[in-house]
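# Fold and contact review
Residue strings, one per chain:
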Amino acid sequence: MEDNSGFRPSAGNLDDPPNSRIFLVVSKSLTEDMIRDRFAEFGDIQDIWVVKDRHTKESKGIAFVKYAKSSQACRAMEEMHGRCLGDSSKPIKVLIAQSRGSTSHKEVEDEDLTRIFVMIPKSYTEDDVKSKFKEYGPVEYCSIIKNKNTGESKGLAFVRFERPSHAALAIENCDRSFKAILAEPRNKGSTSESLDYHSSSRQQESMIHEPPAMSMYSYEQYDYSAYDKVGEARNQEGVSKRLTVVSRVPLVQDQLYSLLDLIPGLEFCEVQRDLYSSFSHAVVQYQSIASAIYAKFKLHGFEYPPGNRLGVTYLNYGGDGAELLKKMASTMVASQVNSMVWGPQVTQQFPPGSGYDRPYASPVGAQLQTDAALPAYKKKSSMDAPCKERLFIVFNPHPLSLDVMEDVFWYSTCCWLLAHL
DNA sequence: CGACGGGACGC
DNA sequence: CGACGGGACGC
């Protein structure tokens, strides 16, 4: 997810920070040195590139100047656009360059560069916001996003500057607590790369975290009927040469690849990490079903890294999202259940050939090992019972570690999914 | 006993 | 109209 595959290694900094590169339309006679002479005063130039014909080496009359900061690029644009340079009487054009991967060469409008989006204390009025941001330049207006019914602030605001460089200065220099970013234009017709990226990562997130429209965490935390469902899911599952690997802690692509590659016939392994939790999963494919069966046999329940049980399951082609989710949930339970129920004394890899699914057949319903006074069993709530979306948890005497919390809630999420999907 | 992370606009 | 090169760290 980090690597910009498809880009040149050095292409990464061209768009970093965003909008720090300008695109010039100039006379063909204008040289790199002449550009440098005129544009250095606006900031730290990292790169100048005059585009030339590959064969004749003649300038095509266009150039790129990369600055260290967006505010510098913006100011160069504001100051130099429309001026005449060199021997030409034709005014030059200076625009913020499109990001390199972009296919559309539609000009970036000032409209898109002058409005920022910030998080503010709920007590702020529009005047408060303005007084915080006018130090970066004249503010055209501020608008706070409010609840339409109550009129109370949502703690979010837009600030429109007159100049792109001022908006950029605000983003670069305002207090970090504002979390200032460039606002997406209101009327967004077509898709941009950055938007696609965000929406796809959101999709991933919602797949993992928000499938149920109602209660995610049922009260029946000691309901072991889920285990039967796991067994059913196992029996139904068809083998395939494609596998998913799920993990509570982040999988590292290279490491996982090395692990899976111990089984001959690995074709690919693609880690898909959830951006907002430590959970991750990977899609894996072997050349043959035999390889996949063997990989699953060897690696399902395997502790990697130590203390974290991997879940491995067959991934059938054409399964829909719900099916995949269910499968991942059951795989997660299967890989976690052993250590959860019996505690840390059973943490070795499952003995070869003894059946990695042994936990399902065991008397899991017996008792949990705890010295805490547990509340009485609660009746199972119905599917459409009203529910709250947030829990406020008070620890006594000490807070639980994040690890433990994740275990508990992952576990109950999995149980819920298995029971209701 | 005991409270925070979060993010999108009436075009 | 006017949109994408050059060149290589240091495990």
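Residues numbered from 1 in each chain as written. Chains lettered and ligands numbered in written order. Predicted model: local features only at pLDDT ≥ 70, side-chain atom pairs only at ≥ 80, totals over all residues. Heavy atoms only, no water.

### Considering the side chain of Ser-165
Within the fold, Ser-165 resides in helix H4 (residues 164-173). Take Ser-165: its relative accessible area is 3%, and that puts it in the buried class. (Helix = DSSP H or I, 4+ residues; strand = E, 2+ residues; numbered from the N terminus. Buried < 20%, exposed > 50% of the residue type's maximum accessible area, 1.4 Å probe, protein only.)

### A few points about the confidence of the model for chain A
Averaged over every residue, the pLDDT of chain A is 75; residues scoring 70 or more account for 66%. The model gives residues 1-11 a pLDDT under 50, and that stretch makes eight contacts with residues more than four places away or in other chains. In the model, residues 338-367 has pLDDT below 50 throughout and makes 40 contacts with residues more than four positions away in sequence or in other chains. (pLDDT = per-residue confidence, 0-100. Contact = heavy atoms within 4.5 Å.)

### Re the protein's contact with DNA strand B
Near DNA strand B you find 15 residues, and of these Arg-115, Phe-117, Lys-179, Arg-186 and Phe-392 are the closest. Near-protein atoms of DNA strand B (within 4 Å) split between backbone and bases, with sugar and phosphate holding 18%. Between a base oxygen of DNA strand B and a side-chain N or O atom of Arg-115, the distance comes to 2.7 Å. Residue Phe-117 places a main-chain N or O atom 2.8 Å away from a base nitrogen belonging to DNA strand B. (Near = heavy atom within 4 Å. Polar contact = N/O pair within 3.5 Å; in protein donor to acceptor, adjacent residues only side chain to side chain.)

### What to know about the pairing of strand E9 (residues 242-247)
Within E9, five of the six residues are buried, which leaves it mostly tucked inside the rest of the structure. Bridging between E9 and strand E11 (residues 280-286) involves six bridges; their strand directions are antiparallel. For Val-246, the partnering residue across the bridge sits in E11 and is His-281. One ladder, built from four bridges, connects E9 with strand E12 (residues 311-314); its direction is antiparallel. (Pairing = 2+ DSSP bridges.)

### Observations regarding H4
Looking at H4, one finds that the buried residues are Pro-164, Ser-165, His-166, Ala-167, Ala-168 and Ala-170. Against the buried residues of H4 lie helix H2 (70-80), strand E5 (115-119), helix H3 (126-133) and strand E7 (153-161).

### Considering a positive patch on the surface
Together, Lys-52, Arg-54, Lys-57 and Lys-60 make up a positively charged patch on the protein surface. Considering the arrangement of structural elements, one finds Lys-57 in the loop between strand E2 (45-52) and strand E3 (59-67). (Patch = residues over 30% accessible without salt bridge, like charges linked within 9 Å, V, L, I, M, F, W, Y side chains within 5 Å. Areas by Shrake-Rupley, 256 points an atom, 1.4 Å probe, with all protein chains shown as cover. Salt bridge = Lys/Arg side-chain N within 4 Å of Asp/Glu carboxyl O. Lys, Arg positive; Asp, Glu negative; His and termini not counted. Charge placed at Lys NZ, Arg CZ, Asp CG, Glu CD.)

### Quick look at the packing of H2 against H4
The relative placement of two packed helices comes down to the angle between their axes together with the axis-to-axis distance. Relative orientation of the contacting elements H2 and H4 amounts to 170 degrees, with a least axis distance of 8 Å. One element, H2, and the other, H4, form an angle in the roughly antiparallel class. Listed contacts from H4 to Ser-70, Ser-71, Cys-74, Arg-75, Met-77 and Glu-78 of H2 are Pro-164, Ser-165, Ala-168, Leu-169 and Glu-172. For the contact of H2 with H4, the residue count by class is five nonpolar, three polar and three charged. (Axes fitted to C-alpha atoms, helices over the stretch in contact; angles between N-to-C directions. Parallel < 35°, antiparallel > 145°, perpendicular 65-115°, else oblique. Nonpolar A, V, L, I, M, F, W, Y, C, P; charged D, E, K, R; others polar.)

### Some points on the pattern of salt bridges
For the structure shown, the criterion picks out six salt bridges. Among the ionic pairs, Glu-79 bridges to Arg-75, the shortest N-O distance being 3.6 Å. With Glu-79 and Arg-75 both in helix H2 and four residues apart, this pair spans about one turn of that helix. Given a relative accessible area of 33%, Arg-75 falls into the partly exposed group.

### Focus on the environment of Asp-15
Inspection of the secondary structure puts Asp-15 in the segment before strand E1 (21-25). For Asp-15, a relative accessible area of 27% translates into the label partly exposed. C-alpha of Asp-15 to C-alpha of Arg-100: the two residues are 85 residues apart in sequence and 7.2 Å apart in space. A distance of 3.2 Å separates a polar atom in the side chain of Asp-15 from the backbone nitrogen of Arg-100.

### Quick word on the nonpolar core
One finds Ile-22, Leu-24, Ile-35, Phe-39, Tyr-67, Val-94 and Ile-96 to be the most contacted residues of the largest nonpolar core, which totals 24 residues. Of all the secondary structure elements, the ones that give two or more residues to this core are E1, helix H1 (32-39), E2, E3, H2 and strand E4 (93-96). Counting residues per element, this core draws most heavily on H2, which supplies five residues. Apart from the residues lying within four places of it in its own chain, the contact partners of Val-94 are Ile-22, Phe-23, Leu-24, Phe-39, Ala-76, Met-77, Met-80 and His-81. In terms of nonpolar packing, the next biggest core, distinct from the first, is built from 20 residues, Leu-251, Leu-260, Tyr-286 and Ala-295 among them. (Core = buried A, V, L, I, M, F, W, Y, C linked by side-chain atoms within 4.5 Å.)

### A word on the sheet that holds E3
As summarised here, the arrangement of the four strands in space is E2-E3-E1-E4, forming an open sheet in which the pairing is antiparallel. The open sheet is flanked by E2 and E4, the only strands paired with a single partner. Averaged over all pairs of adjacent strands, the angle between their axes in this sheet comes to 20 degrees, without regard to strand direction. By the bridge criterion, four bridges tie E1 to E4 in an arrangement that is antiparallel. Counted as the bridge partner of Phe-23 is Leu-95 from E4. H1 rests against E1, E2, E3 and E4 of the sheet, and its axis sits at about 140 degrees to E2.

### Focus on the side chain of Glu-303
Tracing the backbone shows Glu-303 in the loop between helix H8 (289-299) and E12. Overall, Glu-303 belongs to the buried group, its relative accessible area being 16%. Side-chain polar atoms of Glu-303 contact the backbone nitrogen of Gly-307, separated by 2.5 Å.

### Digging into the sheet that holds strand E8 (residues 181-182)
Sheet architecture is open: four strands sit in the order E6-E7-E5-E8, paired in antiparallel fashion. Pairing within the sheet leaves two strands with one partner each, and these edge strands are strand E6 (139-146) and E8. Sheet analysis places E5 next to E7, joined by five bridges and oriented antiparallel. Note that in E7 the partner of Arg-115 across the bridge is Arg-160. Packed on one face of the sheet, H3 meets E5, E6 and E7 and runs near 135 degrees to E6.

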